[in-house]
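Listed below, chain by chain, are the residues.
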Amino acid sequence: MWKLLQIEWLKLKNYKTFNRLAILYFILLLLILSSVKLILSWMENSGVEFQGISPNIIPFYDFPDVWQNLTYLASYLKFFLAFIVIISVTNEYSFRTIRQNIIDGMSPQSFLWSKQVMIFTFSLVNMLVLFVAGTIMGLIHSYTFEPHLFFTGIEFLLAHFLELITFLNLAMLISLLLKKSGFAIIALCFYALFVEPSLVAYLNYKSDDHWLITLFPINAVNNLVKVPFQRYVFMEIQNYVAIGSLIIALGWYGLCLFFNYLLIAKRDIA
Amino acid sequence: MRENILKISGLTKHYGKITAVNALDLEIKKGNVFGLLGPNGSGKSTTLGIILGVTQKSSGEYQWFDQQPIASQRKRIGAILESPTFYPYLSGVQNLKIVCRIKDVPQQRIDEVLKIVGLYERGRSPFKTYSLGMKQRLAIASALLSDPEVLILDEPTNGLDPQGIAEIRQLILEIAAGGKTIILASHLLDEVQKVCTHFAVLKNGKKIFTGSVAESLSGNDGVEISSFNIEQLEELAKAYKGVKQIKKNNLNRLEVQFDDQVNILEFHQYLIEKGIVLNHLAYINKSLEKQFLELLSA
């Protein structure tokens, strides 16, 4: 595993596109994570009120709210990570280096795992950044620090991790199918932002909360961390990770992994 | 009996209706420099792709080192197929570091192989700035990295200038002298003739010939003669019993082929008696090219 990670690191560390995307990603991530308080006070100064409540007293960064709030916000940035994965996988085909890697003695399984190790590392680093950011922001903004509040809702970090590895494997699947980074990026965005939402809207129109909707892959990963913000206007939210969503997301992860394996190991590598 | 390096039996590959490799049998022994010949599309590269694990076979078997194929065997093989493939944004050294990791080779080898192929000075430049010859040499360096028992080269001199071709040829001979097994796929017959000990000819995915280069080149292919009076020489030669074929070549000399029983001394005597003195007489060496073309047209 360690060797595979080293190989991936050698491939990526001197790649300008990767470095730029990664830096941009972390700047955006930190900006999103840290700026909410500023936005809320700006809203207060502009005279905005949420049902009579001043925005600035919303306990956005307080334990235990902070975990769901931050993971939900961070999940919007997963497309950036998906672009990195797509470029990393399609490059292997356009440079034909996957072929040379295998000729040099890598097994198709190792190749799959080297990309999995990369995906795991991205997701893990992301989770750690969220953990550190949540801890710091929570300590600064909470009125009191109580260990049980600190750990409440920390499972959202794990849910976020599963969300990322599943989504990134979906991106890898599209990359393996299309082999061209441009096509793969467009296909992923088109599917995630247009095709699936349209299908979901249609099913919703046919019958409310159609059972099929939860099975769609993008829905499945998004369902892991539900929108938390309505709680600040006294609406009920799902403030836990549903077991059903976990199972469906894990199912998609397994399915993507299986097809990724088939596409690498059972197809001619031209 | 020398040990088998590669054994292929009944190997077949279909692409839709096309059969690229058709029930191929091949055995390559340790220390052979084996030429795989055939026109474009005869199945050479497909065969190499299969035995190197990147192309799926339709049926048949192959064994490396008398064992069922697994990925780690390929660490003992150095191979370049078609054009050199590397990460263009990385330098030669950075690319070789990846290969070192894959093949479990210490990184000290990198400088050694770069020196062997004469690329040491440019090792730190990005791969995309290399000329074709340098790319090809980096590919050979990469193939040599694990000090492999077998070297597979597919058209290694493709696109190189004459000097580059000579250098690569010299390199192959040096590597072969070290007792390594080499499999060389090429349609440059002259190249195979100069470096190979054995060869096989493929046509439409089938093996139509296999044998040793030395045996195929033993004997000669007639003589090349000329004289000041070339017209008279031609007439006399035509009249001589046992002459099979006469052809005038680009040097304005006659290439004469005889039946087996003709003695060249008697032929020369005959010409002198008829008043013709030769100013050139040389045996024509057999060439792989000629045999190859005969095999293919058969």
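Residues numbered from 1 in each chain as written. Chains lettered and ligands numbered in written order. Predicted model: local features only at pLDDT ≥ 70, side-chain atom pairs only at ≥ 80, totals over all residues. Heavy atoms only, no water.

The name given to chain B in an unreviewed UniProt entry is ABC transporter ATP-binding protein, and the organism recorded there is Marivirga lumbricoides. UniProt lists a comment for chain B under the heading Sequence similarities (unreviewed entry), and it reads "Belongs to the ABC transporter superfamily." (UniProt positions renumbered as here; feature names shortened; annotations may be inferred.)

Going by what an unreviewed UniProt entry lists, chain A is known as ABC transporter permease and is assigned to Marivirga lumbricoides.

1. Details of helix α9 (residues 264-273) of chain B
Residue and element names in this part refer to chain B. Those residues of α9 not exposed but buried are I264, F267, Y270 and L271. The buried residues of α9 occupy an angular sector of 120° when projected down its axis, which confines them to one face. In α9, the exposed residues that point more than 90 degrees away from the buried face are L265, E266 and E273. Along its buried surface, α9 packs onto β10 (220-227), α8 (230-239), β11 (243-248), β12 (254-258) and β13 (278-285). Looking at where α9 begins, the residue whose side-chain oxygen comes 2.8 Å from the main-chain nitrogen of L265 is N263. (Buried < 20%, exposed > 50% of the residue type's maximum accessible area, 1.4 Å probe, protein only. Helix = DSSP H or I, 4+ residues; strand = E, 2+ residues; numbered from the N terminus. Arc of directions from axis to C-beta. Contact = heavy atoms within 4.5 Å. Polar contact = N/O pair within 3.5 Å; in protein donor to acceptor, adjacent residues only side chain to side chain.)

2. With respect to helix α3 (residues 36-45) of chain A
All names here are of chain A. Along α3, the positions that sit buried rather than exposed are V36, L40 and M43. Within α3, the buried residues cover an arc of 60° as seen down the axis, which keeps them to one side. Turned more than 90 degrees away from the buried face of α3, the exposed residues are L38, W42 and N45.

3. Observations concerning the interface of chain B and chain A
On the chain A side, the residues contacting the 29 residues of chain B number 25 residues. Summed over both partners, the interface of chain B with chain A comes to about 2600 Å²; 55% of that surface belongs to carbon and sulfur atoms. When the buried area of chain B at its contact with chain A is split by residue, V54, Y89 and I102 of chain B rank highest and sum to 24% of it. Counting across the chain B and chain A interface gives 2 salt bridges. For the pair chain B and chain A, the interface holds 15 residue pairs in polar contact (both at pLDDT 80 or more). Residue assignment for the side of chain B that touches chain A shows that the elements contributing at least two residues are β1 (4-15) and α2 (92-103) of chain B. Looking at the side of chain B that touches chain A, the element that brings in the most residues is α2 of chain B, giving 7 residues. In terms of residue class, the side of chain B that touches chain A is made up of 14 nonpolar, 7 polar and 8 charged. (Buried area = accessible area lost by both parts, 1.4 Å probe. Salt bridge = Lys/Arg side-chain N within 4 Å of Asp/Glu carboxyl O. Nonpolar A, V, L, I, M, F, W, Y, C, P; charged D, E, K, R; others polar.)

4. Thoughts on unusual backbone geometry
Looking along the chain, the bond that leaves F63 of chain A and enters P64 of chain A is cis, with omega of 0°. Tracing the backbone through its elements, the reader meets P64 of chain A in the loop between α3 and α4 (65-74). Even without glycine at this site, K179 of chain A takes up a positive phi of about 65°. When you line up the elements, K179 of chain A lands in the loop between α9 (155-178) and α10 (181-206). Looking at K179 of chain A, the relative accessible area reads 27%, which means it is partly exposed. At E155 of chain B, a position not held by glycine, the phi torsion is positive, near 50°.

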